[in-house]
Amino acid sequence: MSIQTSESVLIVDFGSQVTQLIARRVREAGVYSEIAPFNAAEEAFKRMKPVGVILSGSPASVLDENGPRIPDVILESGLPILGICYGQQALMHQSGGEVLLGDSGEFGRAFIEIQDDCALFDGMWEVGEKHQVWMSHGDKVTRLAPGFRPVASSPGAPFAVIANDEKRIYAMQFHPEVVHTPDGGKLLKNFVRHVCGLAGDWTMAEFRKTKIEEIRAQVGDKRVICGLSGGVDSAVAALLIHEAIGDQLTCVFVDGGILRMGEAEQVVSLFRGHYNIPLVHVDASTLFLKGLEGVTDPEKKRKFIGKTFIDVFEDEAKKIGGAEFLAQGTLYPDVIESVSFTGGPSVTIKSHHNVGGLPERMNMKLVEPLRELFKDEVRELGRELGLPEIFVGRHPFPGPGLAIRIPGEVTRERCDILRKADAIYLEEIRNAGLYDAIWQAFAVLLPVKTVGVMGDGRTYDSVCALRAVTSTDGMTADIYPFDAAFLSRVATRIINEVKGINRVVYDYTSKPPGTIEWE
Ligand SMILES: Nc1ncnc2c1ncn2[C@@H]1O[C@H](COP(=O)(O)OP(=O)(O)OP(=O)(O)O)[C@@H](O)[C@H]1O
Ligand SMILES: O=c1[nH]c(=O)c2[nH+]cn([C@@H]3O[C@H](COP(=O)(O)O)[C@@H](O)[C@H]3O)c2[nH]1
Ligand SMILES: NC(=O)CC[C@H](N)C(=O)O
Ligand SMILES: [Mg+2]
């Protein structure tokens, strides 16, 4: 499903770590874009009819026999193209230039010198100036394809920026999408606004309007069930859908016994208190916990939970006389981590319950209006829709819930232990006024027992790990640097108040290399 707009830009993903940032910068320039993996790019190009194309970086080399290629339809389209890093190398390699393995790579900060005027530099960079950019490449372009001229160079990349004005094709060796290229956002803006000629009038208000029309067109007069979790994504999805189709929508909140302390009551009363949208509260804890018995593999847990959510939604659909559609608050990061494309450089990290965890055969069709957005953009849309701050600012909580925070077997008893520890941790975070400074914080119950001494007696109990991270979109994350006094206060409270835990540790892993959740 995608926005049907003639005002969009296609981003071809060759597997770079930072492709998603290109999409953000383009949206920040007021232009709608979609990302397609290179091997689905031709199909996406034909479907979207974009006004311009951006080619991402890649861990691959164009010199590899199987290195990903730019589809011919794109090269021959006559549309404006911007190649970034691998995108530049592929453009040259495929149109008569030359790329060679560099004798040394360039990684990190670099300075380029502007040699000539270029549409990308309009209103910002002048000939002779030097500007900071961020490089990350081993290969380099050694000869330009016919029709191209160099417009900026660096000591390590003589063709740091190149232009073919007649064909409106531009390319650069560095990454304009990362924050370490301070003017990079402006370069991308110049591409989409000046070169592609787009108006830059795409806003969240516009998104809201387009999505509402799209939902109406998709759903017609049929009924929709929306999985509501209390998280910001599903709340925003529900409001948007309700605005589109009114009382054809019923929300379903599923308690699978893997929620946090008091969460079910809170979500249901908050939502019913604010909205007049029918909400069914299903207690499915026995079904979920029974099915999780003996399951220790993280992907098996995720797949079981994904499937069981759907079973419950389908049951509820029957009870309201049938629903043809299931709505979910799926976001772009859920999608990108769950998919892997054959032959491509991207791998499945984990099956998000609402994407890769879905069963193969489903009776309901999906309505996922937020599928292209990042979390902070969903929050912006939530504010646009008037969603109260108490929903907008909530930390994300994954659908598989505590089940993926209890490595090893999940039991009702272990869920109870974890719930208590997690509640203490979050209470202390709120008391310290830190909740809004943190992207997500939670406790994890480890399947490891250690020896302790309490009241002169020996204990042999579980270890609890605390996690807290900062992030803007969940794609990368940094640990939150609590002070030692805070951590020791939380540790003491958990050990004193939660039976079954006698040791608390703090997780110091950023993402990457870790993920935010432990499974
Ligand atoms: N307990 C639940 N009951 C019903 N639907 C759920 C539940 N948990 C998750 N879902 C569905 O799965 C989707 C994805 O979950 P996810 O956690 O990514 O989003 P969210 O809960 O809406 O927001 P957040 O990421 O802020 O927690 C939700 O948008 C919702 O549609
Ligand atoms: O609804 C969800 N269903 C899932 O299966 C799922 N797995 C991870 N997450 C959330 O996604 C963000 C990134 O998490 P990871 O770094 O652990 O992949 C974090 O915010 C995680 O909490 C999920 N959300
Ligand atoms: N970041 C990139 O796109 C790198 C491209 C290619 N892998 C190189 O090392 O030159
Ligand atoms: Mg959630």
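Residues numbered from 1 in each chain as written. Chains lettered and ligands numbered in written order. Predicted model: local features only at pLDDT ≥ 70, side-chain atom pairs only at ≥ 80, totals over all residues. Heavy atoms only, no water.

- Naming follows an unreviewed UniProt entry, where the protein appears as GMP synthase [glutamine-hydrolyzing] of Novosphingobium album.
- The UniProt entry for the protein carries the following comment under Subunit (unreviewed entry): "Homodimer."
- Heading Function (unreviewed entry) of the UniProt record for the protein holds this comment: "Catalyzes the synthesis of GMP from XMP." (UniProt positions renumbered as here; feature names shortened; annotations may be inferred.)

### Observations concerning the site of ligand 3
- Around ligand 3 lies a shell formed by Gly57, Ser58, Pro59, Ala60, Cys85, Tyr86, Gln89, Ser136, His137, Gly138, Asp139 and His175.
- Relative to its unbound accessible area of 300 Å², ligand 3 is 87% covered by the protein chains.
- The biggest single contributor to the shell around ligand 3 is strand β6 (residues 130–143), with four residues.
- For the shell around ligand 3, the class distribution of residues is four nonpolar, seven polar and one charged. (Near = heavy atom within 4 Å. Areas by Shrake-Rupley, 256 points an atom, 1.4 Å probe, with all protein chains shown as cover. Helix = DSSP H or I, 4+ residues; strand = E, 2+ residues; numbered from the N terminus. Nonpolar A, V, L, I, M, F, W, Y, C, P; charged D, E, K, R; others polar.)

### Considerations on empty space enclosed by the protein
- Under the definition given, this model contains three cavities of 30 Å³ or more.
- Here the largest cavity defines a volume of roughly 900 Å³.
- Asp334, His353, Phe397, Pro398 and Gly399 are, among the 47 residues lining the largest cavity, the residues nearest its centre.
- Those elements that provide at least two residues to the lining of the largest cavity are α7 (232–245), β11 (249–255), α10 (298–319) and α11 (332–338).
- Of the residues forming the lining of the largest cavity, the biggest block, five residues, is contributed by α10.
- When grouped by side-chain class, the residues that make up the lining of the largest cavity number 21 nonpolar, 17 polar and nine charged.
- Computed from the structure, the second largest cavity encloses a volume of approximately 40 Å³.
- Together, Ser229, Gly230, Gly231, Arg260, Glu263, Arg394, His395 and Phe397 line the second largest cavity.
- Grouping the amino acids of the lining of the second largest cavity by side-chain chemistry returns one nonpolar, four polar and three charged. (1 Å grid on protein atoms, 1.4 Å probe; cavity = no way out; pocket = protein on both sides within 12 Å on 5 of 7 lines; lining within 4 Å. Points joined across faces, edges and corners; volume = space filled by probe spheres on them.)

### A short note on the sheet that holds strand β9 (residues 169–172)
- With respect to topology, nine strands assemble into an open sheet ordered β2-β1-β3-β4-β9-β8-β7-β5-β6, the strand pairing being mixed. Of all the strands in the sheet, the pair left with one neighbour each is β2 (32–37) and β6. Pairs of neighbouring strands in the sheet enclose a mean axial angle of 20°, with direction left out of account.
- Direction of pairing for strand β1 (residues 8–13) relative to strand β3 (residues 52–55): parallel, over a ladder of four bridges. Bridge pairing links leucine 10 to valine 53 in β3.
- In this fold helix α1 (residues 19–28) packs onto β1, β2, β3 and β4 (81–84), with an angle of close to 165° to the strand it touches most, β2. (Pairing = 2+ DSSP bridges. Axes fitted to C-alpha atoms, helices over the stretch in contact; angles between N-to-C directions. Contact = heavy atoms within 4.5 Å.)

### Some points on the pairing of strand β15 (residues 440–454)
- As judged from the twelve bridges shared by β15 and strand β16 (residues 457–470), these two strands associate in the antiparallel manner. Bridging from a neighbouring strand, threonine 450 pairs with aspartate 461 of β16.
- Turn length for the β15-β16 hairpin, with the two strands adjacent in sequence and antiparallel, is two residues, and the turn residue glycine 455 shows positive phi of about 55°.

### Focus: α10
- Taking 1.5 Å per residue as the helical rise, α10 with its 22 residues ought to reach 32 Å, and the 32 Å between its terminal C-alpha atoms agrees with that figure.
- Within the span of α10, buried status applies to Lys301, Arg302, Ile305, Gly306, Thr308, Phe309, Ile310, Val312, Phe313, Glu314, Glu316 and Ala317.
- Those residues of α10 hidden inside the fold are in contact with β10 (224–227), β11, β12 (279–283), α9 (285–292) and β13 (325–327).
- A side-chain oxygen of the first residue of α10 lies 3.2 Å from the backbone nitrogen of glutamate 299; this N-cap is aspartate 297.
- Two residues or fewer after α10 comes glycine 321, characterised by a positive phi angle close to 90°. (Expected span 1.5 Å × (residues − 1). Buried < 20%, exposed > 50% of the residue type's maximum accessible area, 1.4 Å probe, protein only. Polar contact = N/O pair within 3.5 Å; in protein donor to acceptor, adjacent residues only side chain to side chain.)

### Some words on the side chain of serine 154
- With respect to the element layout, serine 154 can be found in the loop between β7 (149–153) and β8 (161–164).
- For serine 154, the residues in contact, after removing those within four places along its chain, are Glu106, Phe111, Ile112, Met135 and Ala160.

### Observations regarding the pattern of salt bridges
- Overall, the coordinates contain 34 salt bridges when judged by the stated rule.
- In this structure, the salt-bridge partner of glutamate 43 is arginine 47, at a minimum N-O distance of 3.4 Å. Placement of the pair is glutamate 43 and arginine 47 together in helix α2 (residues 41–48), with a separation of four residues, close to one helical turn.
- Here the residues in one salt-bridge network are Glu427, Glu428, Arg489, Arg493 and Glu497, joined through shared partners. (Salt bridge = Lys/Arg side-chain N within 4 Å of Asp/Glu carboxyl O.)

### Focus: the packing of helix α6 (residues 204–219) against helix α12 (residues 375–384)
- α12 packs onto α6 with a crossing angle of 80° between their chain directions and a minimal axis gap of 10 Å. Here α6 lies roughly perpendicular to α12, going by the angle between them. Along its contact with α6, which presents Met204, Ala205, Phe207 and Arg208, the element α12 presents Glu377, Glu380, Leu381 and Glu384.
- A per-class count over the contact of α6 with α12 returns four nonpolar, no polar and four charged. (Parallel < 35°, antiparallel > 145°, perpendicular 65-115°, else oblique.)

### Description of the environment of leucine 466
- Along the chain, leucine 466 turns up in strand β16.
- Sequence spacing of leucine 466 and glutamine 20 is 446 residues, and the spatial spacing of their C-alpha atoms is 29 Å.
- If we skip the residues at most four places from it in the chain, leucine 466 touches Tyr425, Phe442, Ala443, Leu487, Val490, Ile494, Val504, Val505, Tyr506 and Asp507.

### Focus: the UniProt feature "active site" (unreviewed entry) in the protein
- Mapped onto this structure's residue numbering, the UniProt feature "active site" (unreviewed entry) falls at Cys85, His175 and Glu177. These annotated residues cover 93 residues of sequence, but their C-alpha atoms sit close together, with the largest distance between any two at 11.0 Å.
- Among the structural elements, cysteine 85 can be located in the loop between β4 and α4 (86–94).
- You can call cysteine 85 buried: its relative accessible area is 5%.
- Beyond its immediate sequence surroundings of up to four residues, cysteine 85 is in contact with Gly57, Ser136, His137, Met172, Gln173, Phe174 and His175.
- Mapping glutamate 177 onto the fold places it in the loop between β9 and α5 (184–195).
- For glutamate 177, a relative accessible area of 0% translates into the label buried.
- Apart from the residues lying within four places of it in its own chain, the contact partners of glutamate 177 are Val18, Leu21, Ile22, Arg25, Ile84 and Leu188.

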